[in-house]
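# Fold and contact review
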Amino acid sequence: MKIIFMGTPDFAVPAIDSLIEAGHEIAAVFSQPDKPKGRGYTLTPPPVKVKAVEHNIPVYQPKSMRDGEALKIFNEIQPDVAVVIAYGKLLPKELLDAPKFGCINVHASLLPKYRGAAPIQWSVIDGESKTGVTTQQMDVGLDTGDMLLSCETEIDPNETAGELHDRLSVMGAKLIVDTLDALAKGELKPQKQDDSQSCYAHMLTKELCAVDWTKDALTIHNQIRGLSPWPVATAVMEGKRLKIHRSAVSDMRNEAAQCGEVISVSPLTVKCGNNTAIELIEIQAEGKKRMKSEDYMRGHKIEIGTVLQ
């Protein structure tokens, strides 16, 4: 099939290779504009653009999808289908209707659950035991289109959002190929979503980072792994910010300690609500690199009884 591919971040990259390997023609790639990054604010292309350039695919980075320029490109190319994966912009109806078979989206959840910008992270934060990817026929709503195919996977209790992201990215790359194969054979059976079962996974912000030690250890553990690698859960230790990248629920108990108090340094363990405790496996002190907690404590003493805020 002749495809216009629309995507921006790392999550969408494996699908480009998969589609090309499956024999599809990616006639053009749409991606978000380059953005300044790093201390020097160097203008940096998004990962999908980098991959497209590797394959010598024309790249378009419109600031608006409603000024007619994108539609003009679609009409010139006349694609069979547009594949949309984490593009980052809503598409107007005229674009959704422009390809022969419309626009097909790969979404990183088992729809209708976790529509929106951060389905992977919120599935982890909420302590879900399973998730997956879904292809859907796009409509003008936000992730509300008819479901086409899906595949499911278990979420490991200690898996971070970053690790799950990478797995779902590969799963999504395979699923879009399967979806286009079924489309070509006329075997797709679109299913409407049950809106009553939906929930919205809103964009992550740094306001979600602060750990509330009065919550139970499992809730805090899910927060930590759901916010890894970004924006990262945080606490305050001796007046300085401490980032917490990886954790595990501990069986250790100390009824006399207060919430947030260090009850062990081997391993580094903190008292949480409901007389539970959590082990801090990887941390990052202010101005320091991310490291295992035991490595950090070789050069920085943390006393039992220290209270994290």
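Residues numbered from 1 in each chain as written. Predicted model: local features only at pLDDT ≥ 70, side-chain atom pairs only at ≥ 80, totals over all residues. Heavy atoms only, no water.

## With respect to the pairing of strand 13 (residues 240-250)
This is how the line gets drawn: Pairing between strands requires that DSSP locate at least two bridges from one strand to the other. Going along the chain from the N terminus, every DSSP run of H or I of four or more residues is numbered as a helix, and every run of E of two or more is numbered as a strand.
Looking at chain direction, strand 12 (residues 233-237) and strand 13 are connected through five bridges and run antiparallel. By the bridge assignment for strand 13, Ala233 is matched with Ile244. Of the strand pairs in this sheet, strand 13 and strand 16 (residues 276-285) are connected by eight bridges, and their pairing is antiparallel. Counterpart to Ile244 in the pairing with strand 16 is Ile283.

## Here we look at the packing of helix 1 (residues 13-21) against helix 6 (residues 161-184)
Note the following rule: For every element, the axis is a line fit to its C-alpha atoms; helices are fit only across the contacting stretch, and the angle between N-to-C directions ranges from 0 to 180 degrees. Left-handed describes a crossing whose near helix is turned anticlockwise from the far helix by less than a right angle; the clockwise case is right-handed. Note on contacts: a residue pair qualifies if any of its non-hydrogen atoms lie within 4.5 Å across the two residues. Classification used: nonpolar for Ala, Val, Leu, Ile, Met, Phe, Trp, Tyr, Cys and Pro, charged for Asp, Glu, Lys and Arg, polar for all others including Gly.
For the pair helix 1 and helix 6, the least separation of the axes is 8 Å and the interaxial angle reads 35°. Crossing hand, helix 1 versus helix 6: right-handed. Side by side, helix 1 and helix 6 meet where Pro14, Ala15, Ser18 and Leu19 of the first sit next to Ser169, Ala173, Ile176, Val177 and Leu180 of the second. Residues that form the contact of helix 1 with helix 6 fall into these classes: seven nonpolar, two polar and no charged.

## Observations regarding unusual backbone geometry
Of note, the amide linkage connecting Leu111 to Pro112 takes the cis form, showing an omega dihedral of 10°. Structurally, Pro112 is set in the loop between strand 7 (103-107) and strand 8 (115-116). Going from Ser228 to Pro229, the amide bond is cis rather than trans, its omega being 20°. Relative to the assigned elements, Pro229 resides in the loop between helix 7 (217-226) and strand 12. Positive phi is not limited to glycine here, since Tyr41 has a value of about 50°. Relative to the helices and strands, Tyr41 is located in the loop between strand 3 (35-37) and strand 4 (42-44). We note that Asn274 has phi near 60°; this positive angle belongs to a residue other than glycine. Mapped onto the elements, Asn274 comes out in the loop between strand 15 (268-272) and strand 16.

## Digging into a nonpolar patch on the surface
Filter applied, for reference: Like-charged residues are merged into a patch within 9 Å and nonpolar side chains (Val, Leu, Ile, Met, Phe, Trp, Tyr) within 5 Å, provided each residue has over 30% relative accessible area and no salt bridge. Using a 1.4 Å probe, the Shrake-Rupley method yields the accessible areas, and only the shown protein chains count as cover for residues. By salt bridge we mean one thing: a side-chain nitrogen of Lys or Arg within 4 Å of a carboxyl oxygen of Asp or Glu. Classification of residues uses two cut-offs on accessible area relative to the type maximum, computed with a 1.4 Å probe and protein chains only: under 20% is buried, over 50% is exposed, and between them is partly exposed.
On the surface, Leu90, Leu142 and Tyr200 cluster together to form a nonpolar patch covering roughly 320 Å² of accessible area. Assignment of secondary structure puts Leu142 in the loop between strand 9 (130-137) and strand 10 (147-154). Note on Leu142: relative accessible area 39%, which makes it partly exposed.

## Structural notes on the sheet that holds strand 7
As a general point, the strands of a sheet are linked pairwise by backbone hydrogen bonds and lie either parallel or antiparallel. As summarised here, the arrangement of the seven strands in space is 5-2-1-6-7-9-10, forming an open sheet in which the pairing is mixed. The open sheet has two free edges, formed respectively by strand 5 (59-60) and strand 10, since each of these has just one partner strand. Where strand 7 meets strand 9, four bridges bridge the pair, whose relative direction is antiparallel. Paired with Asn105 across the bridge in strand 9 is Gln136. Packed on one face of the sheet, helix 1 meets strand 1 (2-7), strand 2 (25-30) and strand 6 (81-85) and runs near 170° to strand 1.

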